[in-house]
Amino acid sequence: MSSPYALSAEIVSGIAIITIDLPGEPVNKFNRAVKDEFIALFDRLERDLNVRAAVLISGKSDSFIAGADIEEFLEIKTSEEAQRLSHEGQLLLDSIQEQRTPLIVAIHGACMGGALELALAAHYRIATDHPKTVLALPEVQIGLIPGAGGTQRLPRLIGIRAALDIILTGKNIRAKKALQIGLVDELVHPSILRKIAIQRANELAEGTRKRERHKGGVTGFLLDENPAGRRVVLKKAREETMKKTRGNYPAPLAALDAVAAGYSGGPSHGYREESRLFGEMAMTRESRHLISIFFATTALKKDPGVELPEGAPPPEIMPVEKLGILGAGFMGAGIASVALQQGTLVRMKDADHGRVAKGFAAVRDVVRERLTRRQITKVQYSDTMALLGGTIDYSGFGNVDLVIEAVFEDLNVKHEVLREVEAELKPSAIFASNTSTIPITRIAEVSERPDRVLGMHFFSPVHKMPLLEVITTEQTDTDVTATVVAYGKKLGKTVIVVKDGPGFYVNRILTPYINEAGRLLDQGASIDAVDNALLEFGFPVGPITLIDEVGLDVGSKAGKIMYEAFGERFAPPSSMQAVVAAGRLGRKAKKGFYLYDDEGKKGDVDQSVYSLLAPAARVTSTTSGQSQSRAQIPAAEIQRRTILPMLNEAARCLDEGVIRSPRDGDIGAVFGFGFPPFRGGPFRYMDEIGVADVVKQLEELNDRFPGRFEPAELLVTMARRGDWFHPKL
Amino acid sequence: MPTFGNGRRVAIVDGVRTPFTRAGTAFRSISAIDLGKLCVAELIQRTNLSGGEIEALVFGTVIPNVIAPNIAREISLMPLMPKGVQAFTVSRACASANQAITDAADQIALGHIDVAIAGGAESLSNVPILHSRGMSEALVLASKAKTLPGRVKALSRIRPKDLVPITPAIAEPTTGETMGQSAEKMAKLNDISREDQDQFALRSHRLAAAGTADGRLTSEIMPVYVPPKFESVVTTDNGIRSDTSYEQLSALKPVFDRRYGSVTAGNASPLTDGGACVLLMSEEKAKSLGYEPLGYIRSYAYAALDPGEQLLQAPVLAAPVALARAGLGLRDMDLVEMHEAFAAQVLSNLKGLESRTWAERAGFSEPVGEVDQSRLNVMGGSISIGHPFGATGSRITVTLLNELRRRGGQFGLMTVCAAGGLGFSMVVERDR
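Residues numbered from 1 in each chain as written. Chains lettered and ligands numbered in written order. Predicted model: local features only at pLDDT ≥ 70, side-chain atom pairs only at ≥ 80, totals over all residues.

When its secondary structure is counted, chain A shows 29 helices and 20 strands. For chain A, whose C-alpha radius of gyration is 28 Å, the value lies close to the compact-globule estimate of 27 Å for 729 residues. Counting only C-alpha atoms, chain A reaches 85 × 65 × 55 Å along its principal axes. Within chain A, the proportion of its 729 residues that are buried is 50%. Pairs at least 24 apart in sequence give 72% of the contacts found in chain A among residues at least 6 apart. (Helix = DSSP H or I, 4+ residues; strand = E, 2+ residues; numbered from the N terminus. Rg over C-alpha atoms; globule rule 2.2 N^0.38 Å. Buried ≥ 20, exposed ≤ 12 C-beta atoms within 10 Å, placed from the backbone. Contact = placed C-beta atoms within 7 Å.)

Okay, structure coming up:
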């Protein structure tokens, strides 16, 4: 029988060894019950005069404490409640810091959020020198701020610059870096963590060891250790945060306020401000949306990707040990690079050796970047590259478990490679197409084993884009789908399973948005006005920049396919056609809507592009060579015109069963092309503004521009019934 | 007929090699270990082998890397196979890969293991340059000194002559004779003319060029996308000269004996970089995994003689033993592959095989016989293809078996001469 308690303490020669091990949970997290146990335990230890010092260690194998229990956190309904929660946390950690017996935290594995705040309040921190050991304050990533003294203790421990870097980004700090910046005092091998922690506890209790303070050198003194320097740092951080978030994310700004308050008004003021701001952030819609995405992502990690009848055995997931890739271009090599890094043997084929060599170079660029950033060692680099084999025939395809084709986007070419490779494959092998436009059902037509054919739509650049769209046809076997979904997750992707159809899901809802952006150009809007309006909305890049990135040829080809499939509402704008026809293919050609330098770095809008746009768009130019004046279209109008058709199409996809749930639709848009995460995705966004309002706005637009904005039936029905896509969070 | 000693029949399932490139050219930045890794990884990939099947990896190399002397272990630590694979490195000069193959084959024949990879690799672009003895002593003393003055004192022992580095020469430690001088001596002892040597070299280049052009020779070669930047790809050996002529060859000056000599850069094998390996399995294992092996090892033999005598003549002693162990004669051989260190050596070996004196030295009353030129090194040899010391033995094994298969032949004989007066011979067979 395991203990119902998370904490257990064993006292050995005056040292209390506290083990945290949440019963029935894969990782430790903080919740109310654990907090109460901490209070009771420390109270007991403080009164037990036999105890001279304490060590806190995790009972889980490769994780320390993953932070707060977010589900429990969501039960909080008011700012006051949240503020109280933060205050209680502060009091607990304060009492730990002030108590008679020093506390040593022994960190192996993830030490996140509240766990790091606890470690900061402790008197000595030892971490293991292990890849699993990472420390972070990820609160801003879910729209919150550290609420248990993190904004006060961290800057005082490691200096304000390093602290802001951790608090404002929420990023993971690896063990070595943590030692370097003074976040931990010592690094040891996992096998001696406990022993050394006990030894240090003894030394601290006897007073034979004093903590060494991290010194930041001259810059450290100038920027971290005096008020004027700190003001400069805070001002700069605020400017940069505003620039990055365009004011869409309140949490980093609140965190900055909390840090600043600790310096301007003294520690007690700082703690008060921290809990007040924490309470405020806890109730923001941004935080709720970010948390919804966190939950959706977590749920997708557990989702096998297939629906099975009640009582049916779970799908059989086949291991993918060897992967065949057809086409060593940018996508093929990108897929290879992520597969290799997961230890998959990869056989990459293309038509000639020159192309295969280019693919090798592209893979190398991705893997080498990790070496340069010291995320991997030289040996890991060469091990990764050793898993890559190149060929111009089908040698070595006999034992591949999965083939992904990333050849030219042409049905005949796809058919040819499918026929050729299928003859070489073992019968159980799966064929996946990385097409972004051609329906998988069409590709599968020539297959002898159509049940083993599906789509794996990766996004570019593969190693950076988190989404994978898995596309199934009517014939795709559920084991095949489940295998590919499992493998996609292994590659570190968030996987949504969608039904086959033109554009699948992501490109299908993206296309009306891009098209409408193009039409705005037709009507005289300036390129930067369109991009800026959507950057303000919260997209990472504007639609015109996006089309430059994707490639105008690729975009217009995909657009054409969807126009053919869905008719008028997908009619491509004349601006795009004219620009493609002029041979401006976007960044890859270093010529598109924007100017690019020789390295492909984006510059300003290429003013000469305006002369290619629809004549009606042209407003009299000022002096030659100067930028032409364009029609002034308000940002709100640009946003409405582009976002609404996207929402409308997303609703259609849900109605047609292209996506399985609003959750998948939200995640697909957020991770596929950066739909603003603080808005929760298209479906959460519609819930927020109200489906009835979406319908009303669409109808208004449809009056002005007949044919393109007719509200989806599902939306009309939902508006009438007052329905929501998601249960309220 | 079970012919491999008393053990199990050993299949050579498949083999692959990197292109062989002249030292200092395409592969100059690739170490021998990496050349080995490249060919082993490709062998595993192209044979559709599951890495988990591999039980042993044996590799040969002649000039070892001082930092990582067990090249086989470094290769076996690639993530393509389990860390539990047994791996060891062997050294038998130019027959090192043969030693690797026979060591692995013995383990299979004995029933200890079922699957092994064996081969060899050499980078003559990356030979270690050594400090002189005086320099080394001073550096060792300095590293042991505990004080700065002690260190300075140790280093002050260094004399200007100590600064001259030592490059390993291809010379016999016992006799001091270089390989080229030995070949030169053999030419004289066996009365091999300059013209015959040049004609033989020409033949080697022409046959290799033809084998490259029609793909017979290149079928054993993997493409190497050249690391680290992958800006180029090498698919063929770069030492083969399809355009060379007897006139050009005969115009070259002798290298080792400028006055009376006949051995030139043109009729000797060049310094080469490359790696080669084979996949070995017990016959039953190969069949159970569904492989159609290239062939089987029928028998092998090693021999040795005094290096001060005719350094590269030991194959003449090994071949009759291998044939006797195979229960076969030269007339049964559909093809003969003879390592070409020097044209003078090949021609000496051929003469030796016809000689009763050499037969008697090997313990036989009758000579092996005259090798039919139409069956000898039919796609050239080391003179044209190149000779990465540690890899050649594996290359010859695969070249022989591939061509045997193409011709529908049954038996093949190979011989390899090696420094130290060592010789090797093997008989391979194919099922008909």
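Looking only at helices and strands, chain B features 14 helices and twelve strands. Computed over its C-alpha atoms, the radius of gyration of chain B comes to 22 Å, within 12% of the 22 Å expected for a compact globule of 432 residues. Put simply, of all contacts in chain B between residues at least 6 apart along the chain, 79% involve residues at least 24 apart.

What follows is about the packing of helix α21 (residues 527-537) of chain A against helix α22 (residues 543-550) of chain A. All names here are of chain A. Where α21 meets α22, the axes come as close as 7 Å, and the angle between the chain directions of the two elements is 100 degrees. With respect to α22, the element α21 is oriented roughly perpendicular. Along its contact with α21, which presents Ile527, Val530, Asp531 and Leu534, the element α22 presents Pro543, Ile544 and Thr545. (Axes fitted to C-alpha atoms, helices over the stretch in contact; angles between N-to-C directions. Parallel < 35°, antiparallel > 145°, perpendicular 65-115°, else oblique.)

A word on the interface of chain A and chain B. Between chain A and chain B, the contact holds 19 residues from the first and 18 residues from the second. Put simply, the parts of the chain that give the side of chain A that touches chain B at least two residues each are β12 (345-349), α15 (353-372), α16 (378-386) and β13 (388-391) of chain A. Here the residues of the side of chain A that touches chain B sort into seven nonpolar, nine polar and three charged. (Nonpolar A, V, L, I, M, F, W, Y, C, P; charged D, E, K, R; others polar.)

Okay, the sheet that holds strand β14 (residues 402-405) of chain A next. All names here are of chain A. Ordered by their spatial adjacency, eight strands build an open sheet running β13-β12-β11-β14-β15-β16-β17-β18, and the pairing between neighbours is mixed. The open sheet is flanked by β13 and β18 (494-499), the only strands paired with a single partner. In this sheet, neighbouring strand axes are inclined to one another by 25 degrees on average, regardless of whether the strands run parallel or antiparallel. The pairing of strand β15 (residues 430-433) with strand β16 (residues 453-458) spans three bridges and is classified as parallel. The residue of β16 that forms the bridge with Ser433 is Gly455. (Pairing = 2+ DSSP bridges.)

Keep in mind that these numbers describe shape and distance, not what the molecule does.
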